[in-house]
Amino acid sequence: MATIADVARIAGVSLSTVSHVLNGTRFVRPETEKAVRDAIAATGYTPNSLARSLARASTNSVGIAISTVSNPYFSDIIRAVESECAALDMTIFLADTHDIPERELQVVQALHQHRVDGIILAPSTTSSERAVTYLRENKIPAVLVDRLVSQEFDQVGVYNAESVERLVDHLVGLGHRRIGMVPGQPGFATTLERIAGYRSAVIRHGIDADDDLIAPGSIDIDSAADSTDGLMQLGQPPTAILAGNNLATIGVMRGLRRGGFAVPRDVALVGFDDFDWADSFEPRLTVIAQPCLDIGRVAANLLLERIKDPDKPPTTTRLQTSLIVRDSCGAHMRRP
């Protein structure tokens, strides 16, 4: 059986460096970390004490690694997971990843070290899958939510591309042919799918897929507002804007208002994600609503099944969304 010393020897590093890579306790240069992980793969080394403790007993606990602060959309998902687990007397450990890949890995490692029976993760960018790789290498029962990045795991989310196509169809039905998009967090699986849905829909309607109408990455409300400024300064600005998530929607409204544009008189607005105040804004927001509670319930049950049967084939579940038409799209003042 391979030991940590074997890994250190093959990687050409110290024992402490291998420990830091495994536990995320100190920054290790990417090339050094790769050498260590390659050595782990070559030797088949497993952190034995942790693996034995996990195999020996259940802690009746579940870890949730989600960006709760930067994305309040996840609160309903967390509530549903907690409700399902509470019915089985299972404890929840909630850790905020802040949607930062390095923090995400640290959170997953910490939950693993606390011997949770399984982990629910909302992965961050598709370009950095270190946390997902850690789950895979350590054979941790896990479910990915919202951002579906690997069919090696159980996953649950929604039909992102098709939902955005519905928003574009709705705007085209109101007479719009120049539709801008502020997509949200760059590099996220959800963002990529929603951009793909936007492109597919405009092409299907015979509209020129103008790349200038897809604003650069908007990671928060302020950057979404700045992206909106850029769209409205184009030689031919959009007559409608589609926001890719709840924070982007608020940012677009902020950008339009500071630019002196009225919604929907000057610019129609639709967004992805319903939220508590969407029906209280002036104008009331037209949105795609995600079934957050259902996502949480499905995620919890998938994880509990995975814990019971680690070898069953993984499943990807996508749930339907709802189009909620309010005032911000201008449907009440439909164009002739």
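Residues numbered from 1 in each chain as written. Predicted model: local features only at pLDDT ≥ 70, side-chain atom pairs only at ≥ 80, totals over all residues. Heavy atoms only, no water.

Trainee: When you look at the environment of Met232 in this model, what are you seeing that I'm missing?
Mentor: Structurally, Met232 can be placed in helix 10 (residues 221-232). Distance in space between the C-alpha atoms of Met232 and Leu323 is 26 Å, their sequence separation being 91 residues. Look past the residues within four positions of Met232 in its chain and what remains in contact with it is Pro237, Pro238, Ile241, Leu256, Phe261 and Val267. (Helix = DSSP H or I, 4+ residues; strand = E, 2+ residues; numbered from the N terminus. Contact = heavy atoms within 4.5 Å.)

Trainee: Can you walk me through the sheet that holds strand 9 (residues 286-289) in this structure?
Mentor: For sheets, the rule is that strands pair by backbone hydrogen bonds, running either parallel or antiparallel. Across the sheet, 5 strands lie side by side as 6-7-8-9-11; this open sheet has mixed pairing. Two strands in the sheet have a free side with no partner beyond their single neighbour: strand 6 (179-182) and strand 11 (322-324). Adjacent strand axes in the sheet meet at a mean angle of 20 degrees when their direction is disregarded. The sheet contact formed by strand 8 (residues 268-272) and strand 9 spans 3 bridges and is parallel. Bridge assignment links Gly271 to a residue of strand 9, and that residue is Val287. (Pairing = 2+ DSSP bridges. Axes fitted to C-alpha atoms, helices over the stretch in contact; angles between N-to-C directions.)

Trainee: Looking at this structure, I do not really get unusual backbone geometry. What am I missing?
Mentor: In the segment running from Val263 into Pro264, the intervening peptide bond is cis, with an omega of 5 degrees. With respect to the helices, strands and loops of the structure, Pro264 is situated in the loop between helix 11 (246-258) and strand 8. With a phi close to 60 degrees, His98 is a non-glycine residue in the positive phi region. Within the element layout of this structure, His98 appears in the loop between strand 2 (91-96) and helix 6 (101-113). Its relative accessible area of 38% is what places His98 among the partly exposed residues. (Buried < 20%, exposed > 50% of the residue type's maximum accessible area, 1.4 Å probe, protein only.)

Trainee: Looking at this structure, I do not really get the nonpolar core. What am I missing?
Mentor: Side chains of nonpolar character tend, in soluble globular proteins, to be buried together. Ranked by internal contacts, the top residues of the largest apolar core, which has 46 residues, are Val143, Val145, Val156, Val168 and Tyr198. Excluding residues that lie within four positions of it along the chain, Val143 makes contacts with Ile119, Ile120, Leu121, Asp154, Gln155, Val156, Ala299, Leu302 and Leu303. Within the second largest apolar cluster, 19 residues are counted, among which are Val182, Ala215, Met253 and Val263. (Core = buried A, V, L, I, M, F, W, Y, C linked by side-chain atoms within 4.5 Å.)

Trainee: Help me understand the sheet that holds strand 5 (residues 154-158), please; the structure alone is not making it clear to me.
Mentor: The strand order across the open sheet formed by 6 strands is 2-1-3-4-5-10, and the pairing between neighbours is parallel. Across the chains shown, the open sheet's two edge strands, defined by having one partner strand only, are strand 2 and strand 10 (316-319). Looking at each pair of strands side by side, their axes are set apart by 15 degrees on average, direction ignored. Here strand 1 (residues 61-66) runs beside strand 2; their pairing, made up of 6 bridges, is parallel. The residue bridging Ser61 from the neighbouring strand is Thr91, located in strand 2. Packed on one face of the sheet, helix 5 (residues 74-86) meets strand 1, strand 2 and strand 3 (118-121) and runs near 175 degrees to strand 1.

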